[in-house]
Amino acid sequence: MKKILNYALNRVVITALLVLLQVGFFLLEIFQWGNHYVEIAFALRLISLGAVAYIIWKPNNPAVKLAWIVPILGFPLFGGVLYLAFGHVLIPKKLRDSMNRTDELVHKSLRQDERVMRRLEESNPAVANQSKYLYAYADTPVWEDTATTYFPDGEPYWEQLLLDLEQAEHFIFLEFFILGEGKMWNAVLDILERKAGEGVEVRLIYDDVGSVFILPKKYYVRIEEKGIKCEAFNKLIPFMSVILNNRDHRKIVVIDGKIGYTGGINMSDEYINYTHPHGEHWKDAGLRIEGEAVWNFTVMFLQMWNMSRYTEEDYSRFYCRQQPKPAAKGYVQPYRDTPFDDEVVGENVYLNMIGYAKRYLYIFTPYLITGHEMQTALQLAAKRGVDVRIVLPGVPDKKMVYWLTQSNYQVLIQAGVKIYQYTPGFLHSKCVLCDDELAAVGTINFDYRSFYHHFECGVLMYQTDSIAELKKDMEETFEVSETVTLEWCRKRFVKTNVIGSVLKLFSPLL
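Reading the values: the criteria
Residues numbered from 1 in each chain as written. Predicted model: local features only at pLDDT ≥ 70, side-chain atom pairs only at ≥ 80, totals over all residues. Heavy atoms only, no water. Helix = DSSP H or I, 4+ residues; strand = E, 2+ residues; numbered from the N terminus. Contact = heavy atoms within 4.5 Å. Areas by Shrake-Rupley, 256 points an atom, 1.4 Å probe, with all protein chains shown as cover. Patch = residues over 30% accessible without salt bridge, like charges linked within 9 Å, V, L, I, M, F, W, Y side chains within 5 Å. Salt bridge = Lys/Arg side-chain N within 4 Å of Asp/Glu carboxyl O. Lys, Arg positive; Asp, Glu negative; His and termini not counted. Charge placed at Lys NZ, Arg CZ, Asp CG, Glu CD. Buried < 20%, exposed > 50% of the residue type's maximum accessible area, 1.4 Å probe, protein only. Pairing = 2+ DSSP bridges. Axes fitted to C-alpha atoms, helices over the stretch in contact; angles between N-to-C directions. Expected span 1.5 Å × (residues − 1). Polar contact = N/O pair within 3.5 Å; in protein donor to acceptor, adjacent residues only side chain to side chain.

Within the chain, the regular secondary structure consists of 20 helices and 19 strands. Once local pairs closer than 6 in sequence are excluded, the contacts in the chain between residues at least 24 apart make up 82%. As displayed, the chain has an accessible area near 21,400 Å², and 58% of this comes from carbon and sulfur atoms.

If you want it as structure tokens, here you go:
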């Protein structure tokens, strides 16, 4: 049943069905069947024209506009319906009011320490400008006195998380895109249930669509019965919610306001390689932070919580006033991105980092489905002499997305970008590193869904100890990955050039 539901709700399947309906309507037009065809067809075409007009008017990336306009005009009957389903954001008034209230709380709660910013400006004005951007457009300040630990795989991340959860005394916040019953989550849940019984306040958010195929129905009710406050974000409402497309793709853990976690790792057994759905090894990345910067994650979680279950609580009661000051160097800035504004923070952070790189730029990403601007930025970086390397999966989780990703290889390689595919299996990490000093680790993929449709988060780091750990992991990953060449691309011409080019018309859906 789950497999049937999985296929039924798959974006590609829905798109294919709409295309078939388009063909069916044309056949009906030919045979003049039905007395109301003209009226129905006119209404559907009107929706499509309205969608095109809205896309043109909206202040958005021209590449994204074009990516939507082409399929809408190509399928005028159901193109508008396609856009309503997967492309645009319509925020219900209740949710918008809740967002406005929480935005005010976030703005009041997260204030930049100007002394920290001045020291960063003195150290590196370009990085300081990046930090100012994040504070201005994501309400997330930059901090010192924060230790960072990079995890190159899910297993050590999970083991350390269990140890930290055991030490919780006041509160535990968890937010994940995917939650799946099994060894990984059950071990965490056992601790959460016990801690809740000891009086620790435990709150959990999971994305309803992200977990719909691997969790029992209304799983949040079961969790609440264990004394844990739980919300399934943006619950799936058959057949379609007006914001079904906007998912909570973030992964955040906050423990007592002292320790925070993020990265690509979800709570499901493949992330600790207990199961192997795609190849021999699932490679992911996690980041643990301890110190002042955890406050950003605390507030980010509370805002998302209050979007689902609004309360009048004061965020400041979760601020750790006896924050330990670990022996840590550098600057740490956890940041957020939301689809409910016109600022593509996640994409802009990556673009700024690509422009900042002088010697090298290394990237881990499971998908490479980007617009012309991102592709051009990568090409220009390589052309000006930057050693640009991108590692992608060797074993796909979604074949059509894989072919679309591979369709971008040739133009990048021709510009001097080095492309690698992780031979042991699927790579799910989302990391960017440049010049031994600036890095981003988080949940943000190089694709339309992360940049434009999902709630996301990441951590920008400058001159922290974990940057060396990330570089070591990247260099070791290059060694076990396949180098993609132009000859490799030519041998797969049909998949990468022909099929990939067709799929690009539907890239915002993938």
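Further remarks concern a positive patch on the surface. Where like charges cluster on the molecular surface, the positive patch consists of Lys-399, Lys-491, Arg-492 and Lys-495. Tracing the backbone shows Lys-491 in helix 19 (residues 486-491). Looking at Lys-491, the relative accessible area reads 64%, which means it is exposed.

What follows concerns the pattern of salt bridges. One pass over the full model with this rule turns up 25 salt bridges. Glu-193 serves as the salt-bridge partner of Lys-226, at 3.7 Å between the closest nitrogen and oxygen. Pair noted here: Lys-226 is in the loop between helix 11 (219-225) and strand 4 (229-233) and Glu-193 is in helix 10 (residues 183-197), with a separation of 33 residues, a long-range link. On the basis of relative accessibility, which here comes to 31%, the residue Lys-226 falls in the partly exposed class.

The subject of this paragraph is the pairing of strand 15 (residues 431-434). Burial of the side chains of strand 15 extends over both faces: Cys-431 and Leu-433 are buried on one face and Val-432 and Cys-434 on the other. Summarising the sheet, strand 10 (residues 360-364) and strand 15 pair through four bridges and their orientation is antiparallel. Residue Leu-361 lies in a different strand from strand 15, and its bridge partner there is Cys-434. Across four bridges, the pairing between strand 15 and strand 16 (residues 438-442) is antiparallel. Looking at the pairing, Cys-434 lines up with Leu-438 of strand 16. Linking strand 15 back to strand 16 in an antiparallel pair, the connection comprises three residues, with Asp-435 at a positive phi of about 60°.

Attention now moves to the sheet that holds strand 18 (residues 456-462). Spatial ordering of the open sheet is given by 9-18-16-15-10-12-13-19, a layout of eight strands whose pairing is mixed. The open sheet is flanked by strand 9 (331-337) and strand 19 (481-484), the only strands paired with a single partner. Strand after strand, the sheet turns through a mean of 20° between neighbouring axes, direction not considered. Sheet strands in contact with helix 14 (residues 372-383) are strand 10 and strand 12 (387-393), and its direction is about 135° off that of strand 12.

Bringing a nonpolar patch on the surface into the picture now. A cluster of nonpolar side chains, contributed by Phe-493, Val-494 and Val-498, occupies part of the molecular surface with about 270 Å² of accessible area. Considering the arrangement of structural elements, one finds Phe-493 in helix 20 (residues 493-503).

Here we take up helix 8 (residues 125-138). With 14 residues, helix 8 extends 19 Å between its outermost C-alpha atoms, agreeing within 8% with the 20 Å of an ideal straight helix rising 1.5 Å per residue. By the burial criterion, the buried members of helix 8 are Val-127, Ala-128, Gln-130, Ser-131, Tyr-133, Leu-134 and Ala-138. Buried residues belonging to helix 8 abut helix 7 (114-123), strand 9, helix 13 (345-356), strand 16 and strand 18. The backbone nitrogen of Ala-126 lies 3.1 Å from a side-chain oxygen of the residue at the head of helix 8, namely Asn-124. Downstream of helix 8 by one or two residues, Asp-139 has phi in the positive range, about 55°.

Tracing the backbone through its elements, the reader meets Thr-477 in helix 18 (residues 466-479). Classification of Thr-477 as buried rests on a relative accessible area of 3%.

Quick look at helix 13 now. Its 12 residues place the ends of helix 13 16 Å apart at the C-alpha level, agreeing with the 16 Å of an ideal helix rising 1.5 Å per residue. In terms of burial, helix 13 is a largely internal element, nine of the 12 residues being buried. Residues of helix 13 that are buried: Val-345, Gly-346, Glu-347, Asn-348, Val-349, Tyr-350, Met-353, Ile-354 and Tyr-356.

This part covers the sheet that holds strand 5 (residues 252-255). Taken in spatial order, the seven strands make up an open sheet running 1-8-6-5-2-3-4, and their pairing is mixed. Only two strands of the sheet have a single partner each, and these edge strands are strand 1 (146-151) and strand 4. Geometrically, the sheet is characterised by an average inter-axis angle of 10° between neighbouring strands, direction not taken into account. Alignment of strand 2 (residues 171-176) against strand 3 (residues 201-207), held across six bridges, turns out to be parallel. Pairing of Glu-175 across the sheet is with Ile-205, part of strand 3.

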